[in-house]
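Structure at a glance
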Amino acid sequence: MDYLLQGFFQGLVLLFTGDPETYSAIWATVAASSLSMTASLVIGIPLGFLLGYNKFPGKKIIRTIVDTLLSFPTVVIGLLVYAFLTRHGPLGGTGLLFSISGVAIGQTLLGLPIIIAMTAAAVEALDKRLPMTLITLGANPRQMMWASVLEARYSIMLAAMAAYGRIVSEVGISMLVGGNFKWHTRTITTAIALETSKGEFTMGIALGITLLAVALTVNILATGLKKKAVQ
Amino acid sequence: MKRLITLSIALLVVLSMVLPASAGKTLMMATTTSTANTGLLDELIVPQYMKDTGVEIKFLAVGTGKALKMAENCDVDVVLVHAPGAEKAYMDKGVLIDRVELMYNDFVIIGPESDPAGVKGMNVAEALKVIAEKQAVFASRGDNSGTNKKELSLWKAAGMAVPEKAAWYIQTGQGMLPTINIANEKNGYTMTDRGTYIKYADTNGGNPPLKVLVEGDKVLFNQYSALAVNTKLCKDAQYDLAKQYISWMASPATQKAIGDFKLLGKKLFIPNAK
């Protein structure tokens, strides 16, 4: 049991003394997750809106596919992205394998279905009179999308937080596509996997606490944003 | 629904009562990835030991660093590892006892056939110096395993500081086969034990992308030993079973079987129990 307490205090020490290895892993985590969150939101919100707002043949099938992708195992995504980016793969010339950008591509595939599905659900749940009202006010399709997305902003923010939670905690994509290179692509989660594989449980717990602290900071910021939005 | 849940719980309870009873004796072993990756344990040791003694071996292939830690945490009964220095440190701590040397192979430095740094045929110290000078990619496991410890000692023996934060020196933090694959992706070099290399060559149809470039230097000798967990620190450790297993490994019949274990016609381990 000692190592749990020890890990807790060591985690605090690592954070407050600015340990370069820890901050390198934090930086890799923040860099990859920021890239993938931005991509997921930019691509996912419009797609989610289209899926939730419109009626078209095959809509149910697409919904089912998106919902299935919600439970895509991260190692399988990692494997797929690796297979495309390897030197002998179709995108081998891009040099994205073992890079933060490569990890972000995989994480985007992880985050996108969450954003799409939850945005679609949020748009569907909007007041049915909203489109009518907007049309009578003379809104064009783009303005209608903006108004609907704005109306659903809290649900979309929830979607973003759910996606962030999955992205920041995943280990399969980061390990396979990033390669866990020290000082380069080692994220907090792959560092935890490595420390545990070395038998360094204390260090693993310390890093776990660090990851929780990062998540807490992000959530506090998000809550702050939400409060601002309400006022 | 409720009945289904009750039924499954009942089934689980029954299973959990029956399974351990029918399982017989089990020896828990922590070992390095090389003994597992090569198939030595799955194909030879585990079934043969079961046949000879009726004892099942459950092994975890984790690398020497963690194997030793697992022994210290009383999670296993015996370890099969290859880092004499670290083994001695754990014996001094009283965690492990009865060290018996069982077999050896050697380490090799492998790299692309084109050999971008031109190290083929050099001794280890020269090769590492040239790789560092030309900043050719070198993939290190960086995971505290026996192989990683050996590699770090070779940089020091070559009179250099262990590279850190250098763009060409990649610390993968992963096992031997993933690290070999990363070296290949990066068109670079790495150091591996010969057993894992032969296995890698075998899975690549005998013509692997990375070739052995540096070998035969006597600093590359790689000794494997088994050690029992000390019951003074871990009172639940099955010392008698561990002891039986170690002497079985050192017995002439097993030693001969280890020597006959081959892939691509090459010996993976050479028995040397005294």
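Numbering of residues starts from 1 in every chain and runs along the sequence as written. The lettering of chains begins at A and the numbering of ligands begins at 1, in the order of writing. Given that the model is predicted, a residue must reach a pLDDT of at least 70 before its local features are reported, and side-chain atom pairs must reach 80 or more before they are shown or counted; all residues, however, enter totals for whole chains, interfaces and linings. Heavy atoms throughout the structure, all of them, feed into the side-chain values; hydrogens and water do not.

As named in an unreviewed UniProt entry, chain B is Tungsten ABC transporter substrate-binding protein, taken from Pseudodesulfovibrio sediminis.

1. Here's the deal with the nonpolar core
The tendency in soluble globular proteins is for nonpolar side chains to be buried as a group. Our working rule: Joining through side-chain atoms within 4.5 Å is the link that ties buried Ala, Val, Leu, Ile, Met, Phe, Trp, Tyr and Cys residues into a set, and such a set is a nonpolar core. Per-residue accessibility, obtained with a 1.4 Å probe over protein chains only, is compared with the maximum for each type, and a residue is labelled buried under 20%, exposed over 50%, and partly exposed between these values. We count a stretch as a helix when DSSP gives it H or I for four or more residues in a row; a strand needs E for two or more, and each element gets its number in order from the N terminus. Should any heavy atoms of two residues lie within 4.5 Å, those residues are counted as being in contact.
Judged by nonpolar contacts, the single largest core of 42 residues is most densely connected at Met37(A) and Ile188(A). A total of 7 residues in this core trace back to one element, the largest contributor, which is helix H8 (residues 153-169) of chain A. Ignoring sequence-local partners within four residues, the contact set of Ile188(A) consists of Ala25(A), Ile26(A), Thr29(A), Leu207(A), Leu211(A) and Val214(A). Membership of the second largest hydrophobic core comes to 29 residues, among which are Val78(B), Leu102(B), Ile198(B) and Met249(B).

2. Here we look at the pattern of salt bridges
What counts, and what does not: Salt bridges, as used here, are contacts in which a Lys or Arg side-chain nitrogen is within 4 Å of a carboxyl oxygen on Asp or Glu.
For the coordinates displayed, the defined rule picks out 17 salt bridges over all chains. The residue Arg63(A) makes a salt bridge to Glu124(A) at a minimum N-O spacing of 3.0 Å. With a gap of 61 residues between them, Arg63(A) in helix H3 (residues 59-69) and Glu124(A) in helix H5 (residues 100-124) connect regions that are remote in the sequence. Of the residues examined, Arg63(A) reaches a relative accessible area of 18% and is grouped as buried. Of the residues examined, Glu124(A) reaches a relative accessible area of 29% and is grouped as partly exposed. Across the pair Arg99(B) and Glu101(B) runs a salt bridge whose closest N-O atoms are separated by 3.2 Å.

3. Notes on the side chain of Thr202(A)
Within the secondary structure layout, Thr202(A) lies in helix H11 (residues 201-230). The residues touching Thr202(A), leaving out its near neighbours within four places in the chain, are Tyr3(A), Gln6(A), Gly7(A) and Gln10(A).

4. Points about the interface of chain A and chain B
Much of the literature gives interface size as the accessible area that the parts lose upon coming together. Short version of the rule: Buried area is a sum: the accessible area each of two parts loses on coming together, probed at 1.4 Å, counted once for each and added.
Counting residues at the interface gives 20 residues for chain A and 22 residues for chain B. Where chain A abuts chain B, roughly 1800 Å² becomes buried across the two surfaces, and 50% of that area is made up of carbon and sulfur atoms. Joining chain A to chain B, the criterion identifies 2 salt bridges. Of the charged contacts, one joins Lys182(A) and Glu164(B) as a salt bridge, the two residues approaching to 3.0 Å between their closest N and O atoms. Ranked by residue count, the leading element in the side of chain A that touches chain B is helix H10 (residues 188-197) of chain A, at 3 residues.

5. Description of the domain arrangement of chain B
Residue and element names in this part refer to chain B. Cut-off, in case you're wondering: The start and end points of each domain follow an automatic or database-based domain assignment.
Each domain of chain B was delimited in the assignment, giving domain 1 (2-105 + 222-271) and domain 2 (107-220). With 18 residues of domain 1 in contact, the opposing surface of domain 2 contributes 18 residues. Summed over both partners, the interface of domain 1 with domain 2 comes to about 1400 Å²; 65% of that surface belongs to carbon and sulfur atoms. At the surface where domain 1 touches domain 2, the tally comes to 0 salt bridges.

6. Observations concerning the UniProt feature "domain: PBP" (unreviewed entry) in chain B
Stated precisely, the cut-off is as follows: UniProt positions are given in the numbering used here, feature names are shortened, and annotations may be inferred rather than shown by experiment.
Those places that UniProt annotates as "domain: PBP" (unreviewed entry) correspond, in this numbering, to residues 24-252 of chain B. Helix makes up 40% of residues 24-252 of chain B and strand 25%, with an end-to-end C-alpha separation of 26 Å.

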